[in-house]
Amino acid sequence: MRVTVPIMTLLGGGASGDLDGHGPLDPDTAALLTARAPSLRRLLVDPVDGRVLATDPGTYTVPAALRTLLQARDVTCRFPGCTRRAERCDIDHVTAWAEGGRTTADNLAHVCRHHHVLKHQTRWAVEPRPDGTLTWTSPTGHVHHDRALGTDLGTDVRRGAPHDRHVDRTPRRPPGSGSSRSGPPLE
């Protein structure tokens, strides 16, 4: 059974709710049902056309509107140096769903299939940062910071621009603990 309650009703507005298959609910009844429901699956819908914009972050499936936002933000695969377009990538829970990761924009990123498998089947590790940066650590201890190309959505979505993400190749292990080979790290 589904109860639809406009957010403004829960904030004290006067709009009615809807009990699926039964019809309108007065605002007080809608608010009461919402408050006493043993479990809820929240959906944020566009008030103009009713499209689902976001779902409860406790659900695994990524809604279409969130997919669109992520595609505009990420532009390409979020693995350092990869330029595969977001449209051709998987959407990955950065902190795995099975480990408590949520279905929210700050825990989702486009990763091409190759790098998605690499993340889950090797010692590469990734950590999300509050500013949207992903910090990748290679099996050799090198750290790479990846900031989404379309992060400044209001001013600078660089679709198709050269791949110019900041990559910090500083190893985390102490100097002298690895190879004496000079040059960029092999990973």
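A sheet is described by the order of its strands in space; here 3 strands give the open sequence β8-β9-β10, paired in antiparallel fashion. Where the open sheet ends on each side, the last strands, each with one partner, are β8 (125–128) and β10 (143–146). Ignoring which end each strand starts from, the neighbouring axes of this sheet average 20° apart. When strand β9 (residues 134–137) meets β10, the two strands line up antiparallel, connected through 4 bridges. In the sheet register, T135 faces β10, and the bridge partner there is H145.

A word on the confidence of the model for the protein chain. With 70% of its residues at a pLDDT of 70 or more, the protein chain has an overall mean of 77. Within the model, the stretch residues 153–187 combines pLDDT values under 50 with 65 contacts to residues more than four positions away or in other chains.

Our focus in this paragraph is the pairing of β9. Side chains L134 and W136 project from β9 onto one buried face, and the interleaved T135 and T137 project onto a second face that is buried too. Taken together, the 4 bridges between β8 and β9 define a ladder with antiparallel strand orientation. Of the residues in β9, the one forming a bridge with A125 is T137. Here β9 folds back onto β10, and the loop between the two strands holds 5 residues, one of which, G141, carries a positive phi near 95°.

Core analysis: the largest hydrophobic core is formed by 12 residues, namely C77, F79, C82, C89, V94, A109, V111, C112, W124, V126, L134 and W136. Counting only elements with at least two residues in this core, the list comes to β7 (108–111) and β9. If sequence neighbours within four positions are ignored, C89 has contacts with C77, R84, H110, V111 and C112. Ranked by size, the runner-up nonpolar core spans 5 residues in total, among them V62, L70, I91 and L108.

Rules used throughout
Residues numbered from 1 in each chain as written. Predicted model: local features only at pLDDT ≥ 70, side-chain atom pairs only at ≥ 80, totals over all residues. Heavy atoms only, no water. Pairing = 2+ DSSP bridges. Helix = DSSP H or I, 4+ residues; strand = E, 2+ residues; numbered from the N terminus. Axes fitted to C-alpha atoms, helices over the stretch in contact; angles between N-to-C directions. pLDDT = per-residue confidence, 0-100. Contact = heavy atoms within 4.5 Å. Buried < 20%, exposed > 50% of the residue type's maximum accessible area, 1.4 Å probe, protein only. Core = buried A, V, L, I, M, F, W, Y, C linked by side-chain atoms within 4.5 Å.

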